Amino acid sequence: MSTAPSPNILGIRHHSPACARLVAQRIRALKPAYVLIEGPADFNDRLDELTLPHRLPVAIYSYLSSDDMHRSSWSPLAEHSPEWQALQAAHEVGAQGRFIDLPAWHNAFSDTENRYADVADAEHARHAEAYEDALTQALSVQGRDALWDHLFEEDHASGQALDELAQKLATYFNHLRPADDPGSSGNQAREQMMARWIAWAVAQSGGAAGRVLVVCGGYHAPALARLWQAMPGDLPATPQPSKSEGQTSENAANSEALSADQNGTEARFGSYLVPYTFKRLDAFAGYASGMPSPAYYQWVWECGVDGAAARALEGVVRRLREKKLPASTADLMAVHLRAQGLARLRGHAQPLRSDWLDALAGALVKTALDAPLPWTYRGPMRVGTDPVLVEAMDVLAGDVVGQLAPGTPQPPLVESVRSELAALGIVLRGTLELDLLRDADRAKSQALHRLRILGLPGITRQHGPKQALSGERAEVWQLSEPLEQQAALIEAGAWGATLIDAARAKLEDRLRRAQGRIAPLAEGLNQAAWAGLAALSRRLLGELQSAMANEPRFEALAPALGLLHTLLRHGQMLGMADAPVLRVVIEAGFDRALWLLEPPAAVALAEFEPHLHGHMALRQIVADVLAGADSTHSLDHPAPLRIEPARALAVWQRKAADATAAPVSRGAALGAALSLAGRGSAAEQGTSEGMDVADAMHHAMHLLGTLPAPVLGDALTGLLALAREALSSEPAFATGMDHMVQALDHADFVQALPSLRAAFAWLPAQERGALADQVLALHDAAGLPRRVLTAPGDGTFSAEEVAQTQWAEQAAMEALAAWGIGVEVGAGAGADK
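Computed from a prediction, not measured in an experiment: that's the story for all the values here.

Colleague: I keep staring at the overall build of the protein chain and nothing clicks. Help me out?
Modeller: Along its length, the protein chain carries 31 helices and 13 strands. By the burial criterion, 52% of the 833 residues in the protein chain qualify as buried. Looking at the protein chain alone, contacts between residues at least 24 apart form 72% of all its contacts between residues at least 6 apart. Here the protein chain has roughly 37200 Å² of accessible surface; of this, 53% comes from carbon and sulfur atoms.

And the structure:
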């Protein structure tokens, strides 16, 4: 055990201006030989990058990525961060600065995105909460942040005041974490690492007092004061990933390096500086630790508490007036008076952040609050927060975006993306229209879809087909280069060195996180097709097969099946065309989809569209098999899937005849059977003879005639969605529908109208026009233009409202007639007879 003089261990709260002033003053006063800072030790060889003229805030972004896992974490640094001031002051006095914490991709950070979150175990969280609750009650303060300001964030200009601050911080953190609290396993590993660095620095200092100063989160300070004495004095090795996934070994880490996971595939890990923003730093945007309202505390650092208040109030009033919210001169005077009064009541030498915010709420919010004041709790603002308070909190959070100095090292992906965009002639500015049938535009589309998979800001697809292999040709992109784009691109470098590799790795990780759900897995393959990502992991196809077997909902399974079938037939760009594994997946999924469709079940209105798309997918697969049964098989015309069309048709026929099934499902089932009539042989279809047009009309009208008025349109929706080509062009369909609607009484017509209108929305505009011509001809009005029936209303009343009004008018006329009171058509009001 070491007998050397104890190091100066300063426990701080991350991003606290008061703590930053204390750290800078102590380093300048003591001039230590070593300044040890909580931060990623794998970045020590590159600390010079932090001396470049960056515009803060910035963050050290660390990552570990392989085929089976992805971890990432940020270590943010603002000008008012104690860690940043420690680095600057150490450089100023000639001290050796060192980061002493584990790399951010270590197991200790497996569930932590922000290093400075100081996430403790549940037991410590309960103890800390009880201690802080007792303090807030004793001091009549509301909220953890108001408590911190009350205790520590007043101006500390003199050395005596800073000494007092140091003592108060030590007392606070010692009570926050009991001496017998070992912390979580992750925090124990981190503290062992930091304690070893402290022991090394003390040994290097030759035993002189005051030569080692440590800056760490207050949660760790009491433990480090105990642990370092039991540690050896040799230089700690920085862990790096080993061949066993998720483990670490004691080897030096480079800025970007390659290891291997347990399957022998490469694992990428490293750290880079990235621009950061005050919005990301703000606790109310989800950051788990540190100070909220970073713009306000930056002003405190620059101007002191009074200066920060002036800038905050000026910014809030300007924002409220821009948003046309109440902020008069009288309101401003009331805010000042309230803030001064609250500060005196609370014992503050000058109004602090919570005083000003409480004063703003008291003076500017004129109605009852539907949500708690947002500065009294942690986390995102709750629904119902008053707009005045939302804008005030946004001003105090700030919109500052960091910027890296020229020459800052960046991952290979950044240059790869710039080169690829330049080679394709893509400029990230304005609107880009692409013709997907042209090879050059298709290549541009694939590059933009890869950037979209990586989540780059400024890459927005405004228009284009939903399915990658749909054959549609127009695509429109809106491109820009927002300030956040550089950070996102650097962070995306964790996924690979080139755009295609990074997009593939990111997409495969997203699909792994789908956890066996069929819809996101199938959509992921669609995204792969858009981005031209060939050779996706075969394991993902295995996961698809498992997801097919376990999916309990027809509305999720069948539409995904249709997408997979499209990839099987036309997925040459993915290397999936006629892939044996995909064939097995589709054949198994087809059988399960029919099994899920067979039982009678209600279909919720929100499920109508996926349910109908499921029928369409099954219908397309059956049609493909029937069309290919007698064709010659080759590379261009592969063998059809091994499914039984007769079984599908039998299920549809039983579904259409089942009075207990949902009307939309009955209509879709009948529509699928009608649309396949005449395709393939009777044996293949499982019928004794083909179905002619007259039979099709008879079956359709019979089904609709057996249904009550409110769900009449639901069945018609299914029919038109699956068999509109066979129905809408036939005069017999228009005649039958006209007779059916004419037969409805007023009450039934009003009830049927909404679903009927929704059903005819499945017809394209040209087909609706042709149907309108047929209806006009039936009523001897062929001379009228079709717009009489197809033109939208003027928006004053909906069709349902008009029908309701006409029904009410008719009922009133009938009631008057029953009492022997008649009204002449065209007579004035009150002209009763």
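Colleague: Would you mind showing me how to read the packing of aromatic side chains here?
Modeller: Aromatic rings in a pair are described by how distant their centres are and how their planes are angled relative to each other. Scanning the entire structure with this criterion turns up 11 aromatic pairs. Relative to Phe 173, the ring of Trp 148 has its centre 6.3 Å away and its plane inclined at 40°; by these criteria the two rings are tilted. Of this pair, Trp 148 sits in helix H4 (residues 144-152) while Phe 173 sits in helix H5 (residues 159-176), and the two are 25 residues apart along the sequence. Grouping residues by exposure puts Trp 148 and Phe 173 together as buried. A relative accessible area of 7% places Phe 173 in the buried class. Positioned above the aromatic ring of Trp 530, the side-chain terminus of Arg 461 is 4.5 Å from the ring centre.

Colleague: Help me understand helix H11 (residues 353-364) in this model?
Modeller: Residues that lie three or four places apart on an α-helix share one face, since the helix turns once every 3.6 residues. End to end, H11 covers 16 Å across 12 residues, agreeing with the expected 16 Å (1.5 Å per residue, within 8%). The buried fraction of H11 is high, at 11 of 12 residues. The set of residues buried in H11 consists of Arg 353, Ser 354, Asp 355, Trp 356, Leu 357, Asp 358, Ala 359, Leu 360, Ala 361, Ala 363 and Leu 364. In this fold, the buried residues of H11 make contact with H4, helix H9 (294-322), helix H10 (329-345) and helix H12 (387-397).

Colleague: Help me understand the nonpolar core, please; the structure alone is not making it clear to me.
Modeller: One recurring pattern in soluble globular proteins: nonpolar side chains tend to sit buried together. Counting residues in each nonpolar core, the largest one holds 113 residues, and the members touching the most others are Leu 50, Tyr 172 and Leu 448. Each residue touching Leu 50, except ones within four places of it in the same chain, is listed here: Phe 43, Leu 77, Trp 84, Leu 87, Gln 88, Phe 99 and Leu 273. Membership of the second largest hydrophobic core comes to 85 residues, among which are Val 585, Met 701, Phe 733 and Leu 756.

Colleague: Would you explain the side chain of Ser 62 in this entry?
Modeller: Within the fold, Ser 62 resides in strand S3 (residues 58-65). A polar side-chain atom of Ser 62 sits 2.7 Å from a polar atom in the side chain of Ser 271. Not counting residues up to four positions away in its chain, the partners in contact with Ser 62 are Arg 71, Ser 72, Ser 73, Ala 104, Trp 105, Gly 270 and Ser 271.

Colleague: Is there a simple way to think about the sheet that holds strand S13 (residues 474-479) in this case?
Modeller: Remark on secondary structure: sheet strands pair via backbone hydrogen bonds, oriented parallel or antiparallel. Reading across from one edge, S11-S13-S12 is the order of the 3 strands in this open sheet, with antiparallel pairing throughout. Pairing within the sheet leaves two strands with one partner each, and these edge strands are strand S11 (430-435) and strand S12 (459-463). Across the sheet, the axes of successive neighbouring strands diverge by a mean angle of 30°, strand direction being ignored. Across 4 bridges, S12 lies against S13 in antiparallel orientation. Across the sheet, His 463 pairs through a bridge with Val 476, a residue of S13.

Colleague: Could you clarify how one ought to interpret the pattern of salt bridges in this entry?
Modeller: Once the charged atoms of two side chains with opposite charge are near each other, the side chains can pair. What the rule picks out here adds up to 25 salt bridges. The salt bridge involving Asp 358 is made with Arg 346; its shortest N-O contact spans 2.7 Å. Of this pair, Asp 358 sits in helix H11 while Arg 346 sits in the loop between H10 and H11, placing them 12 residues apart in sequence. Residue classification places Arg 346 among the partly exposed positions, given a relative accessible area of 29%.

Colleague: Before we go on, may I ask you to explain the sheet that holds strand S5 (residues 96-101) in this structure?
Modeller: Spatially, 4 strands are ordered S1-S6-S2-S5 in an open sheet, and the strand pairing comes out parallel. Looking at strand neighbours, the two that pair on one side only are strand S1 (8-12) and S5, the edges of this open sheet. Averaged over neighbouring strand pairs, the angle between their axes works out to 25° when direction is ignored. Relative to strand S6 (residues 212-217), S1 runs parallel, the two sharing 5 bridges. The partner of Gly 11 across the bridge, within S6, is Cys 216. Its contacts with the sheet put helix H1 (residues 17-30) on S1, strand S2 (34-40) and S6, and the angle it makes with S1 is roughly 165°. On the sheet, helix H6 (residues 185-204) packs against S1, S2, S5 and S6 and is oriented at approximately 155° with respect to S5.

Colleague: Got a minute to help me understand the pairing of S6 in this structure?
Modeller: Here S6 lies mainly inside the structure; 6 of its 6 residues are buried. As defined by bridge partners, S2 adjoins S6 across 4 bridges and the pair is classed as parallel. Bridge assignment links Ile 37 to a residue of S6, and that residue is Val 215.

Colleague: Mind showing me how you'd approach the packing of helix H22 (residues 645-657) against helix H23 (residues 663-675) here?
Modeller: Between two packed helices, both the angle of their axes relative to each other and the distance between the axes serve to describe the pair. Their axes nearest at 8 Å, the elements H22 and H23 cross at an angle of 140°. Put simply, H22 runs oblique to H23. The element H22 and its partner H23 pack so that their crossing is left-handed. For the pair H22 and H23, the contacting residues are Leu 649, Trp 652, Lys 655, Ala 656 and Ala 657 in the first and Ser 665, Arg 666, Ala 669, Leu 670, Ala 672 and Ala 673 in the second.

Colleague: What is the right way to look at unusual backbone geometry in this model?
Modeller: As a rule of thumb, non-glycine residues mostly have phi less than zero, and peptide bonds are mostly trans rather than cis. Along the chain, Leu 56 connects to Pro 57 via a cis peptide bond; the corresponding omega equals 5°. As for its placement among the helices and strands, Pro 57 is situated in the loop between S2 and S3. Even without glycine at this site, Ser 140 takes up a positive phi of about 55°. Exposure remark for Ser 140: the relative accessible area of 64% places this residue in the exposed category.

Colleague: Help me out: how do you make sense of H23 in this one?
Modeller: For H23, with 13 residues, the first-to-last C-alpha span of 18 Å sits near the 18 Å given by 1.5 Å per residue. The element H23 is extensively covered by neighbouring structure, given that 13 of its 13 residues are classed as buried.

Colleague: Would you mind going over the pairing of strand S4 (residues 70-77) with me for this structure?
Modeller: On any regular strand, side chains alternate: one points to one face of the sheet, the next to the other face. Where burial is concerned, most of S4 is hidden: 8 out of the 8 residues are buried. By the alternation rule, side chains of S4 split into His 70, Ser 72, Trp 74 and Pro 76 and Arg 71, Ser 73, Ser 75 and Leu 77, which are all buried. Pairing of S3 with S4 involves 8 bridges; the strand directions are antiparallel. Across the sheet, residue Ser 65 finds its bridge partner in S4, namely His 70.

Colleague: I would appreciate a short explanation of the environment of Leu 434 in the present structure.
Modeller: By secondary structure assignment, the location of Leu 434 is in strand S11. Given a relative accessible area of 6%, Leu 434 falls into the buried group. Spatially, the C-alpha atom of Leu 434 lies 5.1 Å from that of Glu 475, the residues being 41 residues apart in sequence. Once residues within four sequence positions are removed from consideration, Leu 434 is found in contact with Asp 441, Lys 444, Ser 445, Leu 448, Arg 473, Ala 474, Glu 475 and Trp 477.

Colleague: So what exactly am I meant to see when it comes to the confidence of the model for the protein chain here?
Modeller: For any part of a model where pLDDT is low, the fine detail of the predicted coordinates should not be relied upon. Across the protein chain, the average pLDDT comes to 79, with 79% of residues at 70 or higher. Here strand S8 (residues 248-249) stands out as the element of the protein chain with the lowest mean pLDDT, 40, in contrast to helix H2 (residues 82-93), whose mean of 93 is the highest. Of the regions scoring below 50 in pLDDT, residues 243-264 engages in 73 contacts with residues more than four places distant in sequence or in other chains. Below a pLDDT of 50 lies the segment residues 825-833, which in the model reaches 9 contacts outside its immediate sequence neighbourhood of four places, other chains included.

Colleague: Looking at this structure, how should I read the packing of helix H13 (residues 412-424) against helix H15 (residues 484-492)?
Modeller: Between H13 and H15, the shortest axis-to-axis distance is 7 Å and the interhelical angle comes to 115°. When you trace H13 past H15, the crossing you get is right-handed. Facing Leu 413, Val 414 and Val 417 of H13, the residues of H15 in contact are Leu 489, Ile 490 and Ala 492.

Calculation rules
- Residues numbered from 1 in each chain as written.
- Predicted model: local features only at pLDDT ≥ 70, side-chain atom pairs only at ≥ 80, totals over all residues.
- Heavy atoms only, no water.
- Helix = DSSP H or I, 4+ residues; strand = E, 2+ residues; numbered from the N terminus.
- Buried < 20%, exposed > 50% of the residue type's maximum accessible area, 1.4 Å probe, protein only.
- Contact = heavy atoms within 4.5 Å.
- Areas by Shrake-Rupley, 256 points an atom, 1.4 Å probe, with all protein chains shown as cover.
- Phe/Tyr/Trp six-rings, centres within 6.5 Å; stacked < 30°, edge-to-face > 60°.
- Lys NZ or Arg CZ within 6 Å of the ring centre and 35° of its normal.
- Expected span 1.5 Å × (residues − 1).
- Core = buried A, V, L, I, M, F, W, Y, C linked by side-chain atoms within 4.5 Å.
- Polar contact = N/O pair within 3.5 Å; in protein donor to acceptor, adjacent residues only side chain to side chain.
- Pairing = 2+ DSSP bridges.
- Axes fitted to C-alpha atoms, helices over the stretch in contact; angles between N-to-C directions.
- Salt bridge = Lys/Arg side-chain N within 4 Å of Asp/Glu carboxyl O.
- Parallel < 35°, antiparallel > 145°, perpendicular 65-115°, else oblique.
- Left-handed = near helix turned anticlockwise from the far one by under 90°.
- pLDDT = per-residue confidence, 0-100.

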